[in-house]
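If you want the building blocks of each chain, they are given just below.
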Amino acid sequence: MALFCRFNIIPAFLSAMVGFSLFGSCSANDLPASYVFGDSLVDSGNNNYLASLSKANYAPNGIDLLPYRIPTGRFTNGRTIPDIVGQELGFPHFIPPYLAPTTAGDTILTGVNYASGGGGILNETGHIFGGRLNMDAQVDNFENTRQEIISMVGPPAPSKLLKKALFSVVIGSNDFINNYLTPTVSGRQRKSIPPEKFIGSMISKFRLQITRLYKLEARKLVIVNVGPIGCIPYQRDMNPNAGENCATLPNQLAQSFNNQLKNLVAELSQNLKEASFVYVDVYNIVSDIIQNYYSYGFENANSACCHSAGRFGGLVPCGPTSSVCVDRSKYVFWDAYHPSDAANIIIAKRLVDGNSKDVFPMNVRQLLQL
């Protein structure tokens, strides 16, 4: 498979101002489809179409999304990780959001993004935002896409298409940040539900969701663990006693979940025949970036570039009245919760070509070559 393309970026539906397509010459003749599931880390604009408090379709989001520098619903200053992974692998366009009216017809044969800001593994996660698509709903939507593909090309073809396709799942952070650790409910919840029980419920639910994707013919699956959420500006400001350090409890919860998630991926790899799984240790990748930020070209690894309040800029979401750092490439974090485009580039490249410390048992490029 050839993996390099030459891109010219033009708006796919500029009137809606919510996304882009990348058209150009590419020597890859057999690029697979790409289907993305997750939360705001990978949402490409689905929440634009929901009655939700979790939205990013306003400035200054998208300020560095060239060439138009407009908000598209991505929770960052530029591209998300799937956007960059797709470019690295030679995909000819950004994967469009499921809820966009233009995501129809032949478009769905090359991939769809189902991710939703505020969504989680557990259905109650993110309820404070109102509208959001949790993982169950995202799988429901993929099942709808699969039926559309069958109606378009007939029953045999979807199996061939989907078994070659790349399925990426980036979810779980909100189950802690906007559920178990939510200030208004977390104290009461943590007294009645110990961490191990809560994490156990996440793993049990996630097992069912991934197994369901498998039954819908997903065979190449990339499962991304939860990053060091105690290091995001929001958690730093919510835990002032940590000083200059990351907040301890959120990171402990993430690590505990990740240990069980890794075991779950091993279990599913064993039990789901013909399926190939890649486990991505984004916790390790992001921790490395934060600890060694200067060597990566960053100048700030603890504060939000887009900020309004809080020592680390984590108390108020990024919005039109926020202050924005002059050079976004020098910040690891774009806002209170999300990495900058510059950080996403590093993460994405380590997903695609990383070693076993980052991705196991193979990287994404090797997965696609199976």
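**Q** Pulling in residues and values, what's your account of the overall build of the chain?
**A** Regarding its fold elements, the chain presents eleven helices and twelve strands. Relative to its 370 residues, the chain shows a buried fraction of 58%. Of the contacts formed within the chain by residues at least 6 apart in sequence, a portion of 71% connects residues at least 24 apart. When the accessible surface of the chain is totalled, it reaches about 15,100 Å², and 54% of it is carbon and sulfur.

**Q** How would you summarise the environment of F142 if you had to cite specific residues and measurements?
**A** Relative to the helices and strands, F142 resides in helix α2 (residues 135–153). The class of F142 is buried, set by a relative accessible area of 0%. Residues F142 and L216 lie 74 residues apart in sequence; the distance between their C-alpha atoms is 8.6 Å. Excluding residues within four positions of it along the chain, F142 makes contact with Y35, F37, Y114, L162, F167, L213 and L216.

**Q** Can you tell me about the packing of aromatic side chains, naming the residues and giving the values?
**A** With the rule as written, the count across this model stands at twelve aromatic pairs. Ring geometry for F176 and F257: centres 6.1 Å apart, planes at 75 degrees, overall edge-to-face. Of this pair, F176 sits in helix α4 (residues 173–180) while F257 sits in helix α8 (residues 248–271), placing them 81 residues apart in sequence. When its relative accessible area of 0% is taken as the criterion, F176 is described as buried. Taking relative accessible area as the criterion, F257 reaches 0% and is therefore assigned buried. Grouped by ring-pair contacts, the aromatic residues Y35, F37, Y98, Y114, F142 and F167 constitute a single cluster.

**Q** So what's going on with the sheet that holds strand β5 (residues 166–170)? Residues and values would help.
**A** Taking strand neighbours across the sheet as the criterion, the six strands line up as β4-β3-β5-β6-β7-β12 in an open arrangement whose pairing is mixed. This sheet does not close on itself; its edge strands, each paired only once, are β4 (111–113) and β12 (359–360). Looking at chain direction, strand β3 (residues 34–38) and β5 are connected through five bridges and run parallel. What sits directly across from G38, in β5, is V170. Each of β3, β4 and β5 touches α2; the most contacted strand, β3, lies at about 160 degrees to it.

**Q** Which residues make up the pairing of strand β8 (residues 300–304), and what values go with them?
**A** When you tally the buried positions in β8, you get five out of five residues, the bulk of the element. Sheet topology places β8 next to strand β11 (residues 331–333); two bridges connect them, and they run parallel. Its bridge partner lying in β11, N300 is registered against Y331.

**Q** Residue-level account of the nonpolar core, with values.
**A** Counting residues in hydrophobic clusters, the biggest one holds 88 residues, and the most contacted among them are Y35, F176 and L213. At eight residues, the largest contribution of residues to this core is made by helix α6 (residues 195–215).

Basis of the calculations
- Residues numbered from 1 in each chain as written.
- Predicted model: local features only at pLDDT ≥ 70, side-chain atom pairs only at ≥ 80, totals over all residues.
- Heavy atoms only, no water.
- Helix = DSSP H or I, 4+ residues; strand = E, 2+ residues; numbered from the N terminus.
- Buried < 20%, exposed > 50% of the residue type's maximum accessible area, 1.4 Å probe, protein only.
- Contact = heavy atoms within 4.5 Å.
- Areas by Shrake-Rupley, 256 points an atom, 1.4 Å probe, with all protein chains shown as cover.
- Phe/Tyr/Trp six-rings, centres within 6.5 Å; stacked < 30°, edge-to-face > 60°.
- Pairing = 2+ DSSP bridges.
- Axes fitted to C-alpha atoms, helices over the stretch in contact; angles between N-to-C directions.
- Core = buried A, V, L, I, M, F, W, Y, C linked by side-chain atoms within 4.5 Å.

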